Amino acid sequence: MWEIRVVHVGRIADANIAGGVSRYASMVGGEWRLRMDAVPASKRGEPHQIRREEGRRLVGRASGDRALLALDAGGRPLDSSAFARLLGEYKDQGKRVSFVVGGAYGLDEEVLRASDKVLSLSPMTLPHEMALLVLTEQIYRAFAASTGR
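First things first, this report covers the structure right here in the doc. Note that the structure is a prediction, hence the values are computed from the model and not measured.

## Quick word on the overall build of the protein chain
Helix and strand counts for the protein chain come out as five helices and five strands. When the helices and strands of the protein chain are listed from N to C terminus, the series reads β-α-β-α-β-α-β-α-β-α. Rg of the C-alpha trace for the protein chain: 14 Å, near the compact-globule value of 15 Å for 149 residues, within the 12% margin. Along the three orthogonal principal directions, the C-alpha set of the protein chain runs to about 50 × 30 × 25 Å. In the protein chain, which comprises 149 residues, the proportion classed as buried is 45%. The contacts in the protein chain between residues at least 6 apart in sequence include a share of 85% that link residues at least 24 apart. Split by element, the accessible area of the protein chain, about 7800 Å² in all, is 47% carbon and sulfur. Both charge centroids of the protein chain, one from 22 positive and one from 18 negative side chains, sit 3 Å from each other.

And the structure:
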């Protein structure tokens, strides 16, 4: 069983987005396992303090014997085929993957530096809940491509 973990900040408050994330996550199966994992949002006041605290929580939860992939608007853009190939390469290597998705203020620089890769879902800034929906859909799309579904 090959595992992808998506570690994100806070719960998904929008019921429609939460339903979409759950739907795509539930369609990933077979040899693939997709696990959603939320860390608590920071209650600190300043954005840089919030990013730092949430970043430590994200990396702490996502680290280990995994490739750490951060999502950031300034990261490397991939189309769906390239994203699927990237996941396929990690799977073929037996390397589990953790994606980290920041909260309302994004990811701290320490998280970006600690990541194996920094990827972008779009050059536009997406709300973190929307980023989770797009990410889970793309993971499902990569799974479907790998299994011929």
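After that view of the structure, there is still more to cover.
## Let's talk about the sheet that holds strand β4 (residues 96-101)
Sheet architecture is open: five strands sit in the order β2-β1-β4-β3-β5, paired in parallel fashion. Taken across any chain shown, the strands that pair with only one partner, and hence form the sheet edges, are β2 (32-39) and β5 (117-120). When the angles between neighbouring strand axes are averaged without regard to direction, this sheet yields 30 degrees.

## Focus: the packing of aromatic side chains
Under the defined criterion, the tally for this structure stands at five aromatic pairs. Note on W2 and W32: the rings are 4.9 Å apart at their centroids and 85 degrees apart in plane angle, and the pair reads as edge-to-face. Of this pair, W2 sits in strand β1 (residues 2-9) while W32 sits in strand β2, and the two are 30 residues apart along the sequence. Judged on exposure class, the residue W2 and its partner W32 are both buried. Taken together, the aromatic side chains of W2, Y24, W32, Y140 and F143 make up a single cluster linked through ring pairs. Directly above the aromatic system of Y24 lies the positively charged group of R23, at a separation of 5.1 Å from the ring centroid.

## Regarding the pattern of salt bridges
Taken as a whole, this structure holds 11 salt bridges when the rule is applied. K91 is paired through a salt bridge with E31; the nearest N and O atoms lie 2.8 Å apart. You can see K91 sitting in helix α3 (residues 80-93) and its partner E31 sitting in the loop between α1 (15-27) and β2, a full 60 residues away along the chain. For K91, a relative accessible area of 23% gives the class partly exposed. A salt bridge links E53 to R57, with the shortest nitrogen-to-oxygen separation between them at 2.3 Å. Here E53 pairs with R57, and both are found in helix α2 (residues 47-62), just four residues apart, close to one helical turn.

The rules behind these values
In this convention, every chain numbers its residues from 1, walking through the sequence in written order. Whole-chain, interface and lining totals are the exception, using all residues; otherwise, since this is a predicted model, local features are given only for residues with pLDDT of at least 70 and side-chain atom pairs are given and counted only at 80 or more. Calculated side-chain values reflect all of the structure's heavy atoms, with hydrogen atoms and water omitted. We count a stretch as a helix when DSSP gives it H or I for four or more residues in a row; a strand needs E for two or more, and each element gets its number in order from the N terminus. All radius of gyration figures rest on C-alpha atoms, and the globule criterion is 2.2 Å times the number of residues raised to 0.38. Whether a residue is buried, partly exposed or exposed follows from its accessible area with a 1.4 Å probe, protein chains only, as a fraction of its type maximum: under 20%, in between, or over 50%, in that order. Residues count as neighbours in contact if any of their non-hydrogen atoms are within 4.5 Å of one another. Exposure was quantified through the Shrake-Rupley algorithm and a 1.4 Å probe, taking into account, for residues, occlusion by the shown protein chains and nothing else. His is not counted here, nor are the chain ends, while Lys and Arg score as positive and Asp and Glu score as negative. To locate a charge, take atom NZ for lysine, CZ for arginine, CG for aspartate or CD for glutamate. In this scheme, strands are said to pair when DSSP sees at least two bridges between them. Convention adopted: a line fitted to C-alpha atoms gives each axis, helices being fitted over their contacting stretch, and angles between N-to-C directions are expressed from 0 to 180 degrees. Pairing of aromatic side chains requires ring centres within 6.5 Å, counting the rings of Phe and Tyr and the six-membered ring of Trp. Pairs whose planes differ by under 30 degrees are stacked, by over 60 edge-to-face, and all others tilted. We call a charge positioned above a ring when the Lys NZ or Arg CZ atom is no farther than 6 Å from the ring centre and deviates by at most 35 degrees from the ring normal. In the sections that follow, a salt bridge refers to a side-chain nitrogen of Lys or Arg positioned within 4 Å of a carboxyl oxygen of Asp or Glu.

These figures come from the coordinates and say nothing about function on their own.
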